[in-house]
Amino acid sequence: MVPLYECVRDETYVPHGEKGVPMTEKFKKHQMWFSLFILLLFQLGSGLAFAQEKAAPAASSAVSGQTADQTYTDGYVGSEACKTCHDEAYAGFEKTPHWNTVNDTRGGQSKQGCEGCHGPGGAHVDGGGDKTLIFDFKGSKPKEINARCLTCHASGTSHLNSANSFHRQNDVSCTDCHSAHHAGGREKLLIKAQPDLCYTCHQQQKSQFNMPFRHRVNEGFMTCTDCHNQHGTGGFWQSSNGLTRQVKTSASGDFVCFKCHTEKQGPFVFEHTVVKTEGCAACHIPHGGANAHMLKYSNVSLLCLSCHTSAAFGHAPLMDPAMATNQNACPLCHTQVHGPNFNNDLL
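Reading guide: rules and limits
Residues numbered from 1 in each chain as written. Predicted model: local features only at pLDDT ≥ 70, side-chain atom pairs only at ≥ 80, totals over all residues. Heavy atoms only, no water. Helix = DSSP H or I, 4+ residues; strand = E, 2+ residues; numbered from the N terminus. Buried < 20%, exposed > 50% of the residue type's maximum accessible area, 1.4 Å probe, protein only. Contact = heavy atoms within 4.5 Å. Areas by Shrake-Rupley, 256 points an atom, 1.4 Å probe, with all protein chains shown as cover. Patch = residues over 30% accessible without salt bridge, like charges linked within 9 Å, V, L, I, M, F, W, Y side chains within 5 Å. Salt bridge = Lys/Arg side-chain N within 4 Å of Asp/Glu carboxyl O. Phe/Tyr/Trp six-rings, centres within 6.5 Å; stacked < 30°, edge-to-face > 60°. Lys NZ or Arg CZ within 6 Å of the ring centre and 35° of its normal. Polar contact = N/O pair within 3.5 Å; in protein donor to acceptor, adjacent residues only side chain to side chain. Disulfide = S-S within 2.5 Å.

Draft legend 1. Inspection of the overall build of the protein at higher detail. A count of helical and extended segments in the protein gives 12 helices and 7 strands. The burial tally for the protein puts 26% of its 347 residues in the buried class. Sequence-distant contacts in the protein: of pairs separated by 6 or more residues, those separated by 24 or more amount to 44%. For the protein, the accessible area works out to roughly 23500 Å², and carbon and sulfur atoms hold 59% of it.

Rendered as structure tokens:
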């Protein structure tokens, strides 16, 4: 058997079947190419390490779900920077619909995450958490808070008439009812569920809903916002007692009561004028009262006499006050009090 290589005295490698080549010349040639290959690998490795090191700050500031190469400008630092100090608030924020803005880049940095509400956080971070360098809802005026929220929510169907909101006109801010971090339930980020939230201010209505005859709000069959638009309405309804209420209207423009009490809506051939001019609250207490049908008076005839008198300023058909001695004298004959189709006297 012939060996693959034979070593000879003159220090040459002699492959079998080939002529000898001096070892020093060929070895040096291979050594040069091998050194160049190792140098090239070293340079490539150094370049990759440098690129990863440069990308590390951007990756650390990216929120889960965001791309690692997203960069922040104009004083924005990203929601992950906020989480470093405000981890408790961020944990609540993650459970709300507002958190979806973190991954939504369509509106730009000013509409994303924490800074979508609080503004750019760069100066706040550089200042060691100085609250004066960022928008702080707790220390801001209601007008400023509402303007900040309406930046996004003004186009919502329930906020289109926010300029007419009596809550706004009485310095009630969005954060008095809503909490972006610590909502009391899943409904609209409210700090409390209805009606307890509304009862915080509206104590008179709370007592009315405890009356013997009432709308069943406390029982959970209705909510306050079934009848009222707390953010404002296109017009206003001033009831007989002079109070203005943010009452919703139906699609046809009638009073909100007709959403449920459709049989009272009409149209009738002979309308009871007070229903069209003052609304249901001319005779009824909307939230609840001590009288049947939530009427203002226990004596129905006295209720009718509040309009149908012989006073000089009265324009309604007259009624004999002596009839008031019979508690239910009027509806004995005038049965169609909401509007008849066959007789102008509500018969």
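Draft legend 2. Just a nonpolar patch on the surface, in detail. A contiguous nonpolar surface patch, about 420 Å² in accessible area, is contributed by Phe34, Phe37, Ile38 and Leu41. Tracing the backbone shows Leu41 in helix H1 (residues 23–60). Among the residues examined, Leu41 registers a relative accessible area of 44% and is labelled partly exposed.

Draft legend 3. Region of the structure containing unusual backbone geometry. Here Gln194 and Pro195 are connected by a cis peptide whose omega angle stands at 0 degrees. Mapping Pro195 onto the fold places it in the loop between helix H7 (166–169) and helix H8 (196–199). With an omega of 5 degrees, the peptide bond between Gly266 and Pro267 qualifies as cis. With respect to the element layout, Pro267 can be found in the loop between strand E6 (244–245) and helix H10 (273–277). Phi at Asp171 is positive, roughly 60 degrees, even though this residue is not glycine. Looking at Asp171, the relative accessible area reads 53%, which means it is exposed. Its identity is not glycine, yet Leu346 carries a phi of approximately 60 degrees, on the positive side. Along the polypeptide, Leu346 turns up in the segment after helix H12 (329–333).

Draft legend 4. Examining the packing of aromatic side chains more closely. Considering all chains together, one arrives at 3 aromatic pairs under this definition. Measuring from centroid to centroid gives 6.4 Å for Tyr199 and Phe209, while their planes differ by 40 degrees, and the two rings are tilted. Within this pair, whereas Tyr199 is found in helix H8, its partner Phe209 is found in the loop between helix H9 (203–208) and strand E4 (213–214), the two being separated by 10 residues in sequence. Here Tyr199 falls in the buried class, since its relative accessible area comes to 7%. Classification of Phe209 as buried rests on a relative accessible area of 5%. Taking NZ or CZ as reference, Arg148 lies 4.0 Å from the ring centre of Phe135, over its face. Residue placement shows Arg216 over the ring face of Phe221; its charged tip is 4.3 Å from the ring centre.

Draft legend 5. Main features of the side chain of His287. Turning to its location among the elements, His287 is positioned in the loop between H10 and strand E7 (288–289). Within the structure, the side chain of His287 is placed 3.1 Å from the side chain of Gln208, a separation counted as a polar contact. Once residues lying within four places of it in the same chain are set aside, the contact partners of His287 are Gln205, Gln208, Phe209, Arg214, His215, His228 and Met294.

Draft legend 6. How the structure looks around the environment of Cys330. Along the chain, Cys330 falls in helix H12. Overall, Cys330 belongs to the buried group, its relative accessible area being 11%. In this structure, the C-alpha to C-alpha distance between Cys330 and Leu302, residues 28 residues apart in sequence, is 9.3 Å.

Draft legend 7. Molecular detail of the pattern of salt bridges. Within this structure, the stated rule accounts for 3 salt bridges. Of the charged contacts in the structure, one is a salt bridge between Glu219 and Arg214, with a shortest N-O distance of 2.7 Å. By relative accessible area, which is 37% here, Glu219 ends up partly exposed. Its relative accessible area of 31% is what places Arg214 among the partly exposed residues. With its nearest N and O atoms 2.6 Å apart, the salt bridge here joins Glu263 to Lys264. Look at Glu263 and you get partly exposed, because its relative accessible area is 48%.

Draft legend 8. Representation of the side chain of Asn146. With respect to the helices and strands, Asn146 occurs in helix H6 (residues 142–153). Polar contacts involving the side chain of Asn146 include one to the main-chain amide nitrogen of Cys174, which spans 2.9 Å. The residues touching Asn146, leaving out its near neighbours within four places in the chain, are Arg168, Val172, Ser173 and Cys174.

Draft legend 9. The arrangement of the state of the cysteines in detail. For the structure shown, the criterion picks out 0 disulfides. Residue Cys82 stays outside any disulfide, its sulfur separated by 4.1 Å from that of Cys114, the closest cysteine. Considering cysteine sulfurs only, Cys227 is the nearest to Cys260, which forms no disulfide, with 6.9 Å between them. The class for Cys260 is exposed, based on a relative accessible area of 60%.

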